[in-house]
Amino acid sequence: MKKFLFVPLLLFCIGTLSAQVKKIDTKKSVISWTGKKVSGEHSGTINFKDGSLTFTKKKLTGGTFTANMTTLSNTDNTGKDKAKLEGHLKSADFFNTDEFKTATLTFKTIALKKQNLYTITADLTIKGKTNPVKFDLLFKGKTATTEFSIDRTKYGIQYGSGSFFDDLGDRTIYDEFDLKVTLVY
């Protein structure tokens, strides 16, 4: 009789200690971007292809995400201006989405900063180039949010960069662009 009680108890303990993978809802999760230049800024969104957060004992222990770069859209323009900017951003001058259809982010280190707030160091791969990024990730209910900046030149995106080209004047595009990410799981 004791063996029959021990097995369910053992299974329960193993189940509570093992990692739980929570897939993100790709329809509700979104990446919002803002790119700035001397003469203004543009903003838009990128959809997730997939992604998941891993929890062990209700603490964040992992995460991996794939962005569908072909969904890169501009939200501050309309009509021909919108189509022109989206086409340029998807071209080889920027993200080259014909060749690099996805970008990935994989958590490498996770530190609890305070309740529901983690500091993450992750590997971000854009256009086949991988670099570390660091950001804070805040959890509230079944949603996690973060904001951070990325230096596009580390990923081979140098178009309009004052760091690489002289005499750009008001056509200079700043090297860093900002991301606001909402993960719903």
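Since the structure is predicted, the reported quantities are computational estimates derived from the model, not experimental observations.

1. Structural notes on the overall build of the protein chain
Secondary structure summary: the protein chain contains 2 helices and 9 strands in total. Counting helices and strands in the order they occur from the N terminus, the protein chain gives α-β-β-β-β-α-β-β-β-β-β. Relative to the 2.2 N^0.38 estimate, which gives 16 Å for 185 residues, the radius of gyration of the protein chain is 20 Å and therefore markedly larger than a compact globule would have. In terms of its C-alpha atoms, the protein chain occupies a principal-axis envelope of roughly 80 × 30 × 30 Å. Here the protein chain holds 185 residues, and 37% of them are scored as buried. Considering only intrachain contacts with a sequence separation of at least 6, the fraction spanning at least 24 residues in the protein chain is 55%.

2. With respect to the pattern of salt bridges
For the structure on display, the rule yields 3 salt bridges. Close ionic contact of K82 with E86 constitutes a salt bridge, the shortest N to O distance being 2.8 Å. Highlighted residues: K82 and E86, both in helix α2 (residues 79-90), separated by 4 residues, approximately one helical turn. Given a relative accessible area of 27%, K82 falls into the partly exposed group. The class of E86 is buried, set by a relative accessible area of 15%. Among the salt bridges present, the one from D136 reaches K113, with a minimum N-O distance of 2.7 Å.

3. Concerning the nonpolar core
Core analysis: the biggest nonpolar cluster contains 38 residues, and L60, F107, F135, L137 and L183 have the highest contact counts within it. Once you skip the residues sitting within four places of it in the chain, F135 turns out to touch L105, F107, Y118, T119, I120, A122, T146 and F148.

4. Examining the pairing of strand β4 (residues 59-74)
Examined bridge by bridge, strand β3 (residues 40-56) and β4 share 11 bridges and lie antiparallel to one another. Looking across to β4, one finds that G44 is bridged to N74. Joining the antiparallel neighbours β3 and β4 is a turn of 2 residues, in which K57 adopts a positive phi near 55 degrees.

5. A look at the packing of aromatic side chains
Inspection of every chain in the model, using the stated rule, returns 10 aromatic pairs. Chaining the aromatic ring pairs together yields one cluster made of F48, F65, F107, F135 and F148.

6. As for the side chain of N77
Secondary-structure assignment places N77 in the loop between β4 and α2. On the basis of relative accessibility, which here comes to 18%, the residue N77 falls in the buried class.

7. Some thoughts on the confidence of the model for the protein chain
Residue-level pLDDT values for the protein chain average 92, and 91% of them are 70 or greater. Below a pLDDT of 50 lies the segment residues 1-16, which in the model reaches 1 contact outside its immediate sequence neighbourhood of four places, other chains included.

8. Quick notes on α2
Its 12 residues place the ends of α2 17 Å apart at the C-alpha level, agreeing with the 16 Å of an ideal helix rising 1.5 Å per residue. Buried residues belonging to α2 abut β2 (30-37), β3 and β4.

9. Description of unusual backbone geometry
The backbone of K57 sits at a positive phi, close to 55 degrees, despite the residue not being glycine. The backbone of N96 sits at a positive phi, close to 45 degrees, despite the residue not being glycine. You can see N96 is positioned in the loop between α2 and β5 (102-114). Assessed through its relative accessible area of 15%, N96 is described here as buried.

Scoring rules and cut-offs
Residues numbered from 1 in each chain as written. Predicted model: local features only at pLDDT ≥ 70, side-chain atom pairs only at ≥ 80, totals over all residues. Heavy atoms only, no water. Helix = DSSP H or I, 4+ residues; strand = E, 2+ residues; numbered from the N terminus. Rg over C-alpha atoms; globule rule 2.2 N^0.38 Å. Buried < 20%, exposed > 50% of the residue type's maximum accessible area, 1.4 Å probe, protein only. Contact = heavy atoms within 4.5 Å. Salt bridge = Lys/Arg side-chain N within 4 Å of Asp/Glu carboxyl O. Core = buried A, V, L, I, M, F, W, Y, C linked by side-chain atoms within 4.5 Å. Pairing = 2+ DSSP bridges. Phe/Tyr/Trp six-rings, centres within 6.5 Å; stacked < 30°, edge-to-face > 60°. pLDDT = per-residue confidence, 0-100. Expected span 1.5 Å × (residues − 1).

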